[in-house]
Amino acid sequence: MFHMGWFLSTGFGVYDWKGPWSGNIRADIGNPELFLETAAALERAGFDYMMLEDSSVLPDIYQGSYAHSLKNAVVRYDPLPLVSLIARHTEHIGVIATMATSFYPPFLAARLMSSLDHLTHGRVGVNLVTASPHAAAQNYGLDEHIEHDLRYAMADEWMQVVSRLWESWEPDALGTDENRTVYVDHTRVHPIHYEGRFHRSRGPLNTLPGPQRRPVVCQAGGSPAGRELAAEHADTIVSAVVGVEAMRAYREDISARMVAHGRDPHDVKVLFLVDPILAESNAEAQAIAQRRREAAASDVEGALAGMSYVSGLDFSQFDLDAPFPEVLSRTNGHQSTVADYQKAGEDKTLREVALTRSVKDSIPLVGTPASVADQMAEAMEYAGGDGFLIASAVTRRNVSAIADGLAPELRRRDLIRSSYDYGTFRENLLSF
Ligand SMILES: Cc1cc2nc3c(=O)[nH]c(=O)nc-3n(C[C@H](O)[C@H](O)[C@H](O)COP(=O)(O)O)c2cc1C
């Protein structure tokens, strides 16, 4: 069996707004209904979680302007308040929201997640990101963003402070004093007095531990520093590596790093990003895939804007038809992703790389629900990962295709869960 998640790749934002199935998105922006319906559908389908991307910057790296971002609806609301609404609308599915460790003070983050753990009855998770653009750092008062590996070192310490705060109450601190004289036993609640290189916090939390005590931790690092953070702290890791060989190598690398940290590799579920194209016949699905490739090929600008955001470098400055420029040594962005661009560009022009890099599939999945279910089984069998993270645009049509078409086929093959056996997100996630 494997696990399923859905990555909402533009967070609490806008999906496929130029497409024919995005509903009344202009009027509905900021309205939670689409996300609540999505959560209910994914729960029906037996998904472990939905994961809300986030960033707190309106990108202006590409052409030094907000024009491309605003024209293309690159806007976001904060996903954290949405988590409570989703939890209220569902009973079992886990909900992961993204937090930037570089900007959230650890105490604020620990308390917020602990509060959400209560409100969701133990179904919340946090996706740790270090965030990349300088503009995001400037929104929080820094002159520029911190260097890539240093911000992972800060994230590691951040996670240690947050973990200590989550543990600042002993499990049985809330007494069951029949006489109502003592609400909490003060000998079981402890300050943490954390004094680190980057963070300090006194503690304890003034918040009772939630049902999970420690909300589920998710991470998506690709660089060595990112993988280390994930291997040390995460319960689930999401990866965008491409191809079954790379998937297998990624899982093996994470397992080895976990062992080095004294952890059991089974305690992390590694999910790989996919964007299935489903239709009633394989030919129809292939035709849709072809149309998508053509649409992507006609949107070089969209690809360049995406690459600019991820790397922090304005790709409009380079000649499209010249050999791919040297960018890896100049980036302070998503390092492993930029390394992928650089490798792809060894024998290609920028235009060629831009047109092939916009894919978000670890493996291409194209066909009927039945044939795609078979493809997923085969890939997972070989790669040895723990599941898939759907990254399709959040439209009611896509959600239904997955929840009501693909998931039943996977369940028929006993590949995904048919029930949630435990009360909390972590228990269900680690149950197989
Ligand atoms: C599935 C997935 C989800 C991600 N979600 C976010 C996000 O919500 N916010 C963000 O700033 N970065 C996000 N990232 C970027 C990662 O945090 C990380 O920077 C990226 O994978 C590159 O890894 P590296 O920083 O170790 O080089 C995501 C990456 C992946 C693969």
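In this text, all values refer to a predicted model and were calculated from it rather than measured experimentally.

Draft legend 1. Broad picture of the overall build of the protein chain. A count of helical and extended segments in the protein chain gives 16 helices and 14 strands. Relative to the compact-globule value of 22 Å for 432 residues, the protein chain shows a C-alpha radius of gyration of 22 Å, a close match. Taken along the three principal axes of its C-alpha coordinates, the protein chain extends 75 × 55 × 45 Å. In the protein chain, which comprises 432 residues, the share counted as buried stands at 51%. Summarising the internal contacts of the protein chain: among those between residues at least 6 apart in sequence, 75% fall at separations of at least 24.

Draft legend 2. Representation of the pairing of strand E3 (residues 49–52) within the structure. Burial of the side chains of E3 extends over both faces: Tyr 49 and Met 51 are buried on one face and Met 50 and Leu 52 on the other. Sheet analysis places strand E1 (residues 3–8) next to E3, joined by four bridges and oriented parallel. Following the sheet pairing, Trp 6 is matched in E3 by Met 50.

Draft legend 3. Fine view of the pattern of salt bridges. Tallying each qualifying case throughout the model produces 20 salt bridges. Residue Glu 167 pairs with Arg 213 through a salt bridge whose shortest N-O separation is 3.2 Å. Of this pair, Glu 167 sits in the loop between helix H7 (148–166) and strand E7 (194–195) while Arg 213 is found in the loop between strand E8 (200–201) and strand E9 (216–219), placing the two residues 46 residues apart along the sequence. According to the relative accessible area criterion, Glu 167 is partly exposed, its value standing at 44%. Look at the salt bridges and you will find they share partners, linking Glu 170, Asp 172, Asp 185 and Arg 188 into a network.

Draft legend 4. Region of the structure containing helix H4 (residues 80–89). Along H4, the residues that are buried comprise Leu 80, Leu 82, Val 83, Ile 86 and Ala 87. Looking down the long axis of H4, one finds its buried residues gathered within 140 degrees of arc, a one-sided arrangement. Exposed and oriented more than 90 degrees from the buried face of H4 are Pro 81 and Arg 88. Contact partners of the buried residues in H4: strand E2 (12–13), helix H2 (33–44), E3, strand E5 (94–100), helix H5 (106–119) and strand E6 (124–129).

Draft legend 5. Expanded view of the site of the ligand. Close contacts around the ligand come from 22 residues, with Asp 54, Tyr 152, Ala 220, Ser 223 and Ser 336 the closest. At 3.4 Å, a side-chain N or O of Thr 98 approaches an oxygen atom of the ligand. At 2.6 Å from an oxygen atom of the ligand is found a side-chain nitrogen or oxygen belonging to Ser 223. When the free accessible area of the ligand is taken as 610 Å², the share hidden by the protein chains comes to 92%. Where the shell around the ligand is concerned, the elements lending two or more residues are E6, H7 and helix H12 (335–344).

Calculation criteria
- Residues numbered from 1 in each chain as written.
- Predicted model: local features only at pLDDT ≥ 70, side-chain atom pairs only at ≥ 80, totals over all residues.
- Heavy atoms only, no water.
- Helix = DSSP H or I, 4+ residues; strand = E, 2+ residues; numbered from the N terminus.
- Rg over C-alpha atoms; globule rule 2.2 N^0.38 Å.
- Buried < 20%, exposed > 50% of the residue type's maximum accessible area, 1.4 Å probe, protein only.
- Contact = heavy atoms within 4.5 Å.
- Pairing = 2+ DSSP bridges.
- Salt bridge = Lys/Arg side-chain N within 4 Å of Asp/Glu carboxyl O.
- Arc of directions from axis to C-beta.
- Near = heavy atom within 4 Å.
- Polar contact = N/O pair within 3.5 Å; in protein donor to acceptor, adjacent residues only side chain to side chain.
- Areas by Shrake-Rupley, 256 points an atom, 1.4 Å probe, with all protein chains shown as cover.

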